[in-house]
Amino acid sequence: MSAPSPIAKFWSWFSANHGEIADAYDCGDSERLERLFSTRLPDTTVALNWEIGPYHEPDYTLVLSPTVRENIPLTTRMVLEAPAIPSWHFLPAKPPKDLLRLHFELPQASVCADDWRYVLLVYPDGFMELDILIPANVPFADSQDPLICELLVESLIGEAARLEHIGRITPLRVDAASAPRGIAIKSLKDHINERLHQ
C-alpha cells in the first residue's frame, strides 16, 4: 500500500485540527497559527504561503498562496482535493480585495494609494509589465516601494493574475507638481481584464 501523498497528509492534518485553527484565528493568535501551519504545507522549491481571511463571512477561508507562478498548479490541485468541512472555504491564491479605498497600514506609516497612477506595457505574447507611479512626497522610505506595489497590485487583481500575467512591477517616484501621466490605479483591474479578453 502506497504512502499518502503530501496533499493527502495536509488535508488529513487540517481535518483533525480545523477547530483549533478556527479558535486561534478568532482569538487573533497569529503565533499559534504560525506554529500550527509551519511544517504542514507540502515542500516546494519556493515555499507556499497561507492566510486565513474573512472572504466568506461568517465562515472561514483558508487561502493557499502559491507565491510563484510555478506553484499555481499545486495550490489548485490542493483545493480540488480539499475535504468538505462545514464553515470552511478554500482558495488556491489570494483573491482580489473588495476595497473602497486603497489604504495600507505599515509599521511606521499609513499609505493611501487612491491617487497613484500606472503605466501598463503589454507584449505580443500577452505578458505585461507595470510601472507604478508613486508621488514623491509619500510618508515612507523608497526601500518599501516594491513590497507596497506588490501588495497593491495583488489587492486589485488577485495573486494568480499577478503571477500569471505580470512579469515585472517597477515603482517610480514622481514629482506631484509635474504633468500627470499614466492611468488612475483604480482602473488597473478592468484594464488588465480588457487586455486579457482581446
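Just above sits the structure.
In short, a report on the structure.

Definitions and cut-offs
Residues numbered from 1 in each chain as written. Predicted model: local features only at pLDDT ≥ 70, side-chain atom pairs only at ≥ 80, totals over all residues. Heavy atoms only, no water. Pairing = 2+ DSSP bridges. Helix = DSSP H or I, 4+ residues; strand = E, 2+ residues; numbered from the N terminus. Contact = heavy atoms within 4.5 Å. Axes fitted to C-alpha atoms, helices over the stretch in contact; angles between N-to-C directions. Salt bridge = Lys/Arg side-chain N within 4 Å of Asp/Glu carboxyl O. Buried < 20%, exposed > 50% of the residue type's maximum accessible area, 1.4 Å probe, protein only. Parallel < 35°, antiparallel > 145°, perpendicular 65-115°, else oblique. Left-handed = near helix turned anticlockwise from the far one by under 90°. Nonpolar A, V, L, I, M, F, W, Y, C, P; charged D, E, K, R; others polar. Phe/Tyr/Trp six-rings, centres within 6.5 Å; stacked < 30°, edge-to-face > 60°.

Here four strands make up an open sheet; going across it, the order is S8-S7-S6-S9 and the pairing mixed. Each having just a single partner strand, strand S8 (166–174) and strand S9 (183–184) make up the two edges of the open sheet. Running at roughly 120° to S8, helix H4 (residues 145–157) makes contact with strand S7 (128–135) and S8 of the sheet. Against the sheet, helix H6 (residues 188–196) engages strand S6 (117–122), S7, S8 and S9, with an angle of about 10° to S6.

Time to look at the pattern of salt bridges. Inspection of every chain in the model, using the stated rule, returns 12 salt bridges. For the salt bridge of Arg-77 with Glu-81, the shortest nitrogen-to-oxygen distance reads 2.8 Å. The exposure class assigned to Arg-77 is partly exposed, which follows from its relative accessible area of 45%. In the salt-bridge network here, residues are joined through shared partners; they are Glu-20, Asp-23, Asp-29 and Arg-32.

Moving on, we get to the packing of helix H1 (residues 6–26) against helix H3 (residues 72–80). Viewed as axis vectors pointing N to C, H1 and H3 meet at an angle of 50°, and their least axial separation amounts to 10 Å. Judged by the angle between their axes, H1 and H3 are oblique. H1 and H3 meet at a crossing whose hand is right-handed. For the pair formed by H1 and H3, the contact residues are Ile-7, Phe-10 and Trp-11 on the first element and Leu-74, Arg-77 and Met-78 on the second. Classifying every residue of the contact of H1 with H3 by side-chain character gives five nonpolar, no polar and one charged.

The subject of this paragraph is the packing of aromatic side chains. Within the structure shown, the criterion is met by 14 aromatic pairs. Taken together, a centroid distance of 6.2 Å and an interplanar angle of 70° make the contact between Trp-13 and Phe-14 edge-to-face. For the pair formed by Trp-13 and Phe-14, the shared burial category is buried. A connected cluster of aromatic rings, assembled from ring pairs, spans Phe-10, Trp-11, Trp-13, Phe-14, Tyr-25, Phe-37, Trp-50, Tyr-60, Trp-88 and Phe-90.

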